[in-house]
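Structural overview for review
So you can see what is in the structure, the chains are spelled out below.
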Amino acid sequence: MSPIATPPSPAAELIATEHELGAHNYKPLDVMLTRGEGVWLWDIDGNRYLDCLAGYSAVNQGHCHPRILKALVEQAGRLTLTSRAFRNDRLAPFYEKLSELTGSHKILPMNSGAEAVESAIKSVRKWGYEVKGVPEDEAEIVVCADNFHGRTIAIVGFSTDPSARRHFGPFAPGFRVVPFGDIAALEAAITPKTVAFLVEPIQGEAGVIIPPAGYFAAVRELCTRKGVTLILDEIQTGLGRTGEMLAEEHEGIEADVTLVGKALSGGFYPISAVLSNSEVLGVLRPGEHGSTFGGNPLACAIAVAALDVLVEEDLIGNAARLGPYVLEALKALPKSVVNRVRGRGLMIALDIEPAAGSARQYAVALAREGLLCKETHGQTLRISPPLVITKDQADWAIERLGKVLSREAAAGA
Ligand SMILES: *Cc1c(COP(=O)(O)O)cnc(C)c1O
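Figured I'd write up the structure that's included with this text. Note that the structure is predicted; figures quoted are calculated from it, not measured.

1. A look at the pairing of strand β5 (residues 140-144)
Of all five residues in β5, five are buried; the element is thus mostly enclosed. Of the two faces of β5, the one lined by Glu140, Val142 and Cys144 and the one lined by Ile141 and Val143 are each fully buried. Pairing between β5 and strand β7 (residues 194-199): three bridges, direction parallel. Within β7, the residue paired with isoleucine 141 across the bridge is alanine 196. As paired elements, β5 and strand β6 (residues 175-178) share four bridges and run parallel to each other. Residue pairing across strands places isoleucine 141 opposite phenylalanine 175, the latter belonging to β6.

Quick look at the structure:
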């Protein structure tokens, strides 16, 4: 009997449409998700997965958190957008909440993470000219190799990842790159024209790279001594991910400017902010910067609920307790497959031994076992579930990670 051709599955049809009509700037795993709740995601065939990416930490509060959903629905039925041409009654409560939780004195609300980074760059340059006295158009900002701060032209211009920047030039001048974790290189790069050092507390996209102990204390001291603004990009590390509200707390320092995004929305809607506990944001005057959606009432209501959930459900404490537990469990995996494990709180990564296969192969094999992870840089897998994960759910994930990461991909995937 000749085999009967099977009709394409609904998932295959959606993938084909995406392929035809969408720009190919992502290479997703072929799971067609349709529903989420807490740490769980379901695909259109009803298969359930534990989410180990959490929207790159945008979904720290778990998928479709009922309390954030309620805030969204209530606010959406009342008022969504006024633009900043007028005032709205949700903005001040949002400022108050964020200020109370982070100790910041001035806040600039934006939407995406990249916009928060761009806004910080603009503000700190202006501060450099008006307060520090740097000659016009000569401000310099020091950044780190292997940084990830977003995808706009200015930002990819100071990326060191060839695929992020190749053929996208010309780029904005005024940036110097130093190795991450190297205090001597930072000191050597600072000149009288340096207005800021922009850095991630832990480099997320680079593969959860944690700097040497004492690095940030030395950075803080150096920046203060040289009159350089320390900008910490906490868009991924902030809001509980590492087991503190802000990752800077592990280092016992305070940034002058802190960038938050991702989990500020609980995954509902893009919301970011520049937080300043210095004079930097004070240089902005009416008309010099803005955003149609920045600080809109819907975003403000969502962000207040997202922050309340983080604090009142003790998600930060949960990350601090479960992170080391998961990390220890992963350290027991065979070195022939997992040659290194590192992390802080629930921001964890493991490196796959190249001889055992690629991280992508393991991500595919893990998806078959009901765990969704994303590879980064060929050999690294990130484990960063929503912070609502329970110990039982963590054990469930550890068991499956153990099963898949104990055998070589060639045999298993
Ligand atoms: C995700 C991320 C950004 C960019 O955020 P978008 O919302 O994607 O623009 C910037 N910095 C860090 C550290 C990030 O993880």
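Text resumes after the structure shown.
2. As for the pattern of salt bridges
Tallied over the entire structure, the rule returns 23 salt bridges. Two residues, glutamate 74 and lysine 70, come together in a salt bridge whose shortest N-O distance is 3.4 Å. Remark: lysine 70 and glutamate 74 occur in helix α3 (residues 66-76); sequence separation between them is four residues, near one turn of the helix. Looking at glutamate 74, the relative accessible area reads 42%, which means it is partly exposed. The partner of glutamate 140 in a salt bridge is arginine 176, with the nearest N and O atoms 3.3 Å apart. Taken together, the residues glutamate 140 in strand β5 and arginine 176 in strand β6 connect sequence positions 36 residues apart. Relative accessible area serves as the criterion here: at 34%, arginine 176 is assigned to the partly exposed category.

3. Some remarks on the packing of aromatic side chains
Under the criterion given, the structure shown has five aromatic pairs. Between phenylalanine 94 and tyrosine 95, the ring centres sit 6.0 Å apart and the planes meet at 40 degrees, which makes this aromatic pair tilted. Judged by relative accessible area, phenylalanine 94 falls into the buried class, the value being 2%. Pairing tyrosine 215 with phenylalanine 216 gives two aromatic rings, centres 5.0 Å apart and planes at 70 degrees, and the pair type is edge-to-face. According to the relative accessible area criterion, phenylalanine 216 is buried, its value standing at 1%. In textbook terms, an aromatic cluster arises when at least three aromatic residues are bridged by ring pairs, as seen for Phe180, Tyr215 and Phe216. Just above the ring of tryptophan 40 sits the side chain of arginine 48; from NZ or CZ to the centre is 3.5 Å. The ring of tryptophan 396 has arginine 400 sitting right over it, with the charged end atom 3.9 Å from the ring centre.

4. With respect to the site of the ligand
The environment of the ligand is formed by Ser112, Gly113, Ala114, Phe148, His149, Gly150, Glu200, Asp233, Ile235, Gln236 and Lys262. Interatomic distance of 3.4 Å between a backbone N/O atom of phenylalanine 148 and a nitrogen atom of the ligand. Lysine 262 places a polar side-chain atom, nitrogen or oxygen, 2.6 Å from an oxygen atom of the ligand. Burial of the ligand by the protein chains amounts to 80% of its free accessible area of 380 Å². A per-class count over the shell around the ligand returns three nonpolar, five polar and three charged.

5. Some details on the environment of alanine 355
Assignment of secondary structure puts alanine 355 in the loop between β12 (347-352) and α13 (359-368). When the C-alpha positions of alanine 355 and valine 337 are compared, they lie 7.9 Å apart, and in sequence the two are 18 residues distant.

6. Side note on unusual backbone geometry
Backbone torsion omega between glycine 169 and proline 170 reads 0 degrees, so that peptide bond is classified as cis. The residue alanine 54 is not glycine, and still its phi comes out positive at about 55 degrees. Within the secondary structure, alanine 54 sits in helix α2 (residues 54-57). In this structure alanine 54 comes out as buried when scored by relative accessible area, which is 0%. A positive phi angle is found at cysteine 64, which is not glycine, with a value near 50 degrees.

7. Overview of the sheet that holds β12
Strand order in this open sheet of four strands is β11-β12-β15-β14, and the pairing throughout is antiparallel. Because the sheet does not close on itself, it has two edges, and the strands there are β11 (338-344) and β14 (374-376). With strand direction ignored, the average angle separating the axes of adjacent strands in the sheet is 30 degrees. When β11 meets β12, the two strands line up antiparallel, connected through six bridges. In the strand pairing of β12, glycine 343 is matched with isoleucine 348.

8. Points about helix α4 (residues 91-102)
Taking 1.5 Å as the rise per residue, α4 with 12 residues should run 16 Å; its terminal C-alpha atoms sit 16 Å apart, in good agreement. All buried positions along α4 are accounted for by Leu91, Phe94, Lys97, Leu98 and Thr102. For α4, the angular spread of the buried residues around the axis is 130 degrees, confining them to a single face. Across from the buried face of α4, at angles greater than 90 degrees, the exposed residues are Glu96 and Glu100. Turning to α4, the residues buried within the fold contact β4 (106-110), β10 (272-276) and α11 (297-312). Trailing α4 by a residue or two, glycine 103 shows a phi angle of about 75 degrees, which is positive.

Thresholds, definitions, all that
- Residues numbered from 1 in each chain as written.
- Predicted model: local features only at pLDDT ≥ 70, side-chain atom pairs only at ≥ 80, totals over all residues.
- Heavy atoms only, no water.
- Buried < 20%, exposed > 50% of the residue type's maximum accessible area, 1.4 Å probe, protein only.
- Helix = DSSP H or I, 4+ residues; strand = E, 2+ residues; numbered from the N terminus.
- Pairing = 2+ DSSP bridges.
- Salt bridge = Lys/Arg side-chain N within 4 Å of Asp/Glu carboxyl O.
- Phe/Tyr/Trp six-rings, centres within 6.5 Å; stacked < 30°, edge-to-face > 60°.
- Lys NZ or Arg CZ within 6 Å of the ring centre and 35° of its normal.
- Near = heavy atom within 4 Å.
- Polar contact = N/O pair within 3.5 Å; in protein donor to acceptor, adjacent residues only side chain to side chain.
- Areas by Shrake-Rupley, 256 points an atom, 1.4 Å probe, with all protein chains shown as cover.
- Nonpolar A, V, L, I, M, F, W, Y, C, P; charged D, E, K, R; others polar.
- Axes fitted to C-alpha atoms, helices over the stretch in contact; angles between N-to-C directions.
- Expected span 1.5 Å × (residues − 1).
- Arc of directions from axis to C-beta.
- Contact = heavy atoms within 4.5 Å.

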